[in-house]
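# Structural characterization, general
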Amino acid sequence: MDLRALRYFVETVRHSSFTHAAEHLCVTQSTVSKMVRQLEEEIGQPLLIREGRGVRLTDAGKIVFERGQEALGVVRSLTQDVADLSGLVRGEVTVGIPPMVNLFFPPLIKRFKERYPQIKFHAQEAGGQVIEQRVLAGELEVGVTVLPVPADSGLTSTELGRFPICLVGTPASSWFRVEQPTLATLDQEPLLMFSEDYALTKRLRTGFIQAGVEPVIVAQSGQWDFLLSMAMAGLGTALMPEPLLKRLRLPADVVIRPLCEPEVSWRVGQVWVPERHMSHAARAWLAVCAEGSALPLF
């Protein structure tokens, strides 16, 4: 059904006149008459009884007029809803954020919510590699992970911040007196690392291979507090991002040394599929994240 014909019919009924409807619609009277006649032909029966300069509804016309108003209302609402999305008045975005990173994102989320209060923001927690897979699968539009992502991954990334990875242990650690430890320093050292589904672990494993070191991993976990507890108990060396450690109140006897290998630093960034359509809300999130310094919240 031609929505324009339906609109012309509704306006004709409202004004009880083809002439007045035409004036309201800013078209000619013949155009209105033609469109109403076209609608009647499509319905298969007359909708209006022409009486001089006025009109009145047939039984079928009453039904079409009632339902036509509802249909035109739905179209107006649809148009407004789409306009609201484009104008970021409404919408929603879900961002995948790893557990190790989520503590640092509330200020950024707050900034986004203050800018776009009508957009619903959802955070979905998972490891970096899982988030990358969900973005590729289309389950997420945008996700946070540890960079870099493989060049052939199909993902585009933008860096939010780059920070040192630190060794955490006790004075009994083999590297205790080494001022600038490297991955090679950790040869044969018991290590405490995040689970394999963490992008940081993948990056560190690549670094160990490049350094010619076979890591001795004695424990892995997705819980940073558990790994730190083991490190403080002298059970091994934990590898942790510096920003995380700065937020914690650690005992005075805990030893922390930045890993002096920038190529295996903790690079936090966002990823998305460039060829895929991205919602206005997701684009707004990326724009807010791109403002100012890399990650002021860290």
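The structure we're discussing is the one just above.
Report follows, based on the coordinates.

## Some thoughts on the overall build of the protein chain
Along the protein chain, the regular secondary structure elements total 11 helices and 12 strands. Here the C-alpha radius of gyration of the protein chain, 32 Å, is well above what a compact globule of 298 residues would show, namely 19 Å. Counting only C-alpha atoms and orienting by the principal axes, one finds that the protein chain spans roughly 105 × 35 × 30 Å. A total of 298 residues make up the protein chain; the buried ones form 45% of that total. Taking as baseline every contact in the protein chain between residues at least 6 positions apart, the subset at least 24 positions apart corresponds to 73%. In the structure as shown, the protein chain presents an accessible area of about 15400 Å², 52% of it carried by carbon and sulfur atoms. Computed over 30 positive and 33 negative side-chain charges, the separation of the two mean positions in the protein chain equals 7 Å.

## A look at helix H1 (residues 3–15)
Taking 1.5 Å per residue as the helical rise, H1 with its 13 residues ought to reach 18 Å, and the 18 Å between its terminal C-alpha atoms agrees with that figure. Those residues of H1 lying buried are Ala-5, Leu-6, Tyr-8, Phe-9, Val-10, Glu-11, Thr-12 and Val-13. The residue sitting at the N-terminus of H1 and contributing the capping side-chain oxygen is Asp-2; that oxygen lies 2.8 Å from the backbone nitrogen of Arg-4.

## Quick word on the sheet that holds strand E10 (residues 237–241)
Strand order across the open sheet formed by five strands is E9-E8-E10-E7-E11, with mixed pairing between neighbours. The open sheet is flanked by strand E9 (216–221) and strand E11 (255–258), the only strands paired with a single partner. With strand direction ignored, the average angle separating the axes of adjacent strands in the sheet is 30 degrees. Here strand E7 (residues 165–169) pairs with E10 via four bridges, running antiparallel. In the sheet register, Cys-166 faces E10, and the bridge partner there is Met-240. Helix-sheet contacts for helix H8 (residues 199–211) involve E7, strand E8 (190–194), E9 and E10, and the interaxial angle to E8 is about 140 degrees. Seen against the sheet, helix H9 (residues 224–232) touches E7, E8, E9 and E10 and runs at an angle of roughly 170 degrees to E8.

Reading the values: rules and limits
Residues numbered from 1 in each chain as written. Predicted model: local features only at pLDDT ≥ 70, side-chain atom pairs only at ≥ 80, totals over all residues. Heavy atoms only, no water. Helix = DSSP H or I, 4+ residues; strand = E, 2+ residues; numbered from the N terminus. Rg over C-alpha atoms; globule rule 2.2 N^0.38 Å. Buried < 20%, exposed > 50% of the residue type's maximum accessible area, 1.4 Å probe, protein only. Contact = heavy atoms within 4.5 Å. Areas by Shrake-Rupley, 256 points an atom, 1.4 Å probe, with all protein chains shown as cover. Lys, Arg positive; Asp, Glu negative; His and termini not counted. Charge placed at Lys NZ, Arg CZ, Asp CG, Glu CD. Expected span 1.5 Å × (residues − 1). Polar contact = N/O pair within 3.5 Å; in protein donor to acceptor, adjacent residues only side chain to side chain. Pairing = 2+ DSSP bridges. Axes fitted to C-alpha atoms, helices over the stretch in contact; angles between N-to-C directions.

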